[in-house]
Amino acid sequence: MTRRPLARSDLPVDTTALARFLIGKLVVRELPEGVVSGRIVETEAYVVGDAAGHGYRGMTRRNRSLFLERGHAYVYLAYGSSYMLNVSSEAEGIGAGVLIRALEPREGVPIMQANRNIMRLRDLARGPGRLAAALRIDPSLDGRDLCRQGPLWLAGAEEEAGEIGQSIRIGISKEAERPLRFYLRGNPFVSGPGSLNG
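This write-up is about the structure you can find in this document. Please read these numbers as outputs of a predicted model, since none were measured by experiment.

**A short note on the overall build of the protein**
Here's step 1: A tally of helices and strands in the protein yields three helices and eight strands.
Here's step 2: For a compact globule of 198 residues, the expected C-alpha radius of gyration is about 16 Å, and the protein comes in at 15 Å, within 12% of that figure.
Here's step 3: Summarising its shape, the C-alpha atoms of the protein cover approximately 40 × 35 × 35 Å along the three principal directions.
Here's step 4: Evaluated residue by residue, the protein yields a buried proportion of 53% over its 198 residues.
Here's step 5: Counting only contacts in the protein whose residues sit at least 6 apart along the sequence, the fraction spanning at least 24 positions is 61%.
Here's step 6: Of the accessible surface of the protein, which amounts to about 8,900 Å², a share of 50% is contributed by carbon and sulfur atoms.
Here's step 7: Of note, the protein has its 27 positive side-chain charges centred 4 Å away from the centre of its 22 negative side-chain charges.

Quick look at the structure:
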């Protein structure tokens, strides 16, 4: 399929605006056995000054990719078991970003199924840890420029996103009531409890 990377100039600088903007866009992963891609159907914003964000206490060796100019990958290990894919936001030197929470699989479904060792389409990339496993995202991709074709990049939408819902974030304890989660209403690949997905 012919598609182009998102231009950095198209990405909103503001973290919340970027989280909404990314709904409907594509994550593309180029693997030795083929291309895997998914439509972004759920994101969470971790804004400037957010106590739940990894950039809250400043730059460290672990989180330095979060402080890159908007449109770079920040990949980290959560709970010692699952990698998470984030997109850096704001200007260079400011630690904020957007967590990609769920994808609707588009290309390379058999590759995703092999990576996850499951067959059910709905569960391949519904949740941030699952999607990272399905796309074989690991720390080697940390800091990658997502606005440039390569092993991992962002592409424009194939279609209109549809109606975007907004809710509180999932699975955090600090600043948990902030409505910084965005999702595609009615999409079966969105994660989280039904009470948040109305």
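**What about the pairing of strand E2 (residues 34-46)?**
Here's step 1: For E2, a buried count of 11 out of 13 residues is recorded, marking the element as mostly surrounded by other parts of the structure.
Here's step 2: Two elements, strand E1 (residues 26-31) and E2, share six bridges in a ladder whose sense is antiparallel. Paired with Val-27 across the strands is Gly-38, a residue of E2.
Here's step 3: Hairpin connection between E1 and E2: a loop of two residues separates the two successive antiparallel strands.
Here's step 4: Sheet topology note: the E2/strand E5 (residues 97-107) ladder contains nine bridges and is antiparallel. Bridged to Tyr-46 within E5 is Gly-97.
Here's step 5: Sheet topology places E2 next to strand E8 (residues 181-184); three bridges connect them, and they run antiparallel. Residue pairing in the sheet places Glu-42 in a bridge with Tyr-183 of E8.

**What to know about the pattern of salt bridges**
Here's step 1: In the structure shown here, the tally under the stated rule is 17 salt bridges.
Here's step 2: Between Arg-3 and Glu-107 there is a salt bridge, with its nearest N and O atoms 2.3 Å apart. One end of the pair, Arg-3, is in the segment before helix H1 (15-21); the other, Glu-107, is in strand E5, with 104 residues separating them in the sequence. The same class applies to Arg-3 and to Glu-107, which are both buried.
Here's step 3: For the salt bridge of Glu-104 with Arg-106, the shortest nitrogen-to-oxygen distance reads 3.4 Å.
Here's step 4: You can call Arg-106 partly exposed: its relative accessible area is 27%.

**Re the layout of surface pockets**
Here's step 1: Reported here for the largest pocket is a volume of approximately 740 Å³.
Here's step 2: Around the largest pocket, the lining is made up of 40 residues, and of these Tyr-46, Ala-52, His-54, Tyr-76 and Ile-172 lie nearest the centre.
Here's step 3: Listed by contribution, the elements that provide at least two residues to the lining of the largest pocket are E2, strand E3 (73-78), strand E4 (82-88), E5 and helix H3 (128-134).
Here's step 4: Considering every element that reaches the lining of the largest pocket, the biggest residue donor is E3, with four residues.
Here's step 5: Looking at side-chain class alone, the lining of the largest pocket contains 19 nonpolar, 15 polar and six charged residues.

**Re the packing of aromatic side chains**
Here's step 1: Overall, the coordinates contain one aromatic pair when judged by the stated rule.
Here's step 2: The positively charged end of Lys-25 is found above the aromatic ring belonging to Phe-21, 3.9 Å away from the centroid.
Here's step 3: The ring of Tyr-46 has Arg-169 sitting right over it, with the charged end atom 4.5 Å from the ring centre.

**Quick word on the pairing of E1**
Here's step 1: Of all six residues in E1, five are buried; the element is thus mostly enclosed.
Here's step 2: Two elements, E1 and strand E6 (residues 152-155), share four bridges in a ladder whose sense is antiparallel. Opposite Val-27, over in E6, you have Leu-154 as the bridge partner.

Calculation criteria
Along each chain, the written sequence defines residue order, and numbers are assigned to residues from 1. Whole-chain, interface and lining totals are the exception, using all residues; otherwise, since this is a predicted model, local features are given only for residues with pLDDT of at least 70 and side-chain atom pairs are given and counted only at 80 or more. Side-chain measures here rest on the full set of heavy atoms in the structure, leaving out hydrogens and waters. Put simply, DSSP H or I for four residues or longer makes a helix, DSSP E for two residues or longer makes a strand, and each gets a number counted from the N terminus. We compute the radius of gyration from the C-alpha atoms alone; for a globule the expected value is 2.2 Å times N to the 0.38, where N is the number of residues. Classification of residues uses two cut-offs on accessible area relative to the type maximum, computed with a 1.4 Å probe and protein chains only: under 20% is buried, over 50% is exposed, and between them is partly exposed. What makes two residues a contact is simply this: any of their non-hydrogen atoms within 4.5 Å. In this description, accessible areas are obtained by the Shrake-Rupley approach with a 1.4 Å probe, and a residue is regarded as covered only by the protein chains that are shown. Just so you know, the count uses Lys and Arg for positive and Asp and Glu for negative, and it drops His and the chain ends. Each charge is placed at NZ for Lys, CZ for Arg, CG for Asp and CD for Glu. Two strands form a pair only when DSSP identifies at least two bridges running between them. By definition, a salt bridge exists where a carboxyl oxygen of Asp or Glu is found within 4 Å of a side-chain nitrogen of Lys or Arg. Only protein atoms enter the 1 Å grid used here. Points where a 1.4 Å probe fits but cannot escape make up a cavity, open sets with protein on both sides within 12 Å along at least five of seven lines make up a pocket, and a residue lines them when an atom lies within 4 Å of a point. Grid points are joined across faces, edges and corners, and a volume is the space filled by probe spheres set on the points. We call Asp, Glu, Lys and Arg charged. Ala, Val, Leu, Ile, Met, Phe, Trp, Tyr, Cys and Pro are nonpolar, and the rest, Gly among them, are polar. Centres within 6.5 Å are what make two rings of Phe, Tyr or Trp a pair, Trp counting through its six-membered ring; a difference in plane orientation under 30 degrees is then read as stacked, over 60 as edge-to-face, and the rest as tilted. Remark: a charge is flagged as sitting over a ring if the NZ atom of Lys or the CZ atom of Arg is within 6 Å of the ring centre and within 35 degrees of the ring normal.

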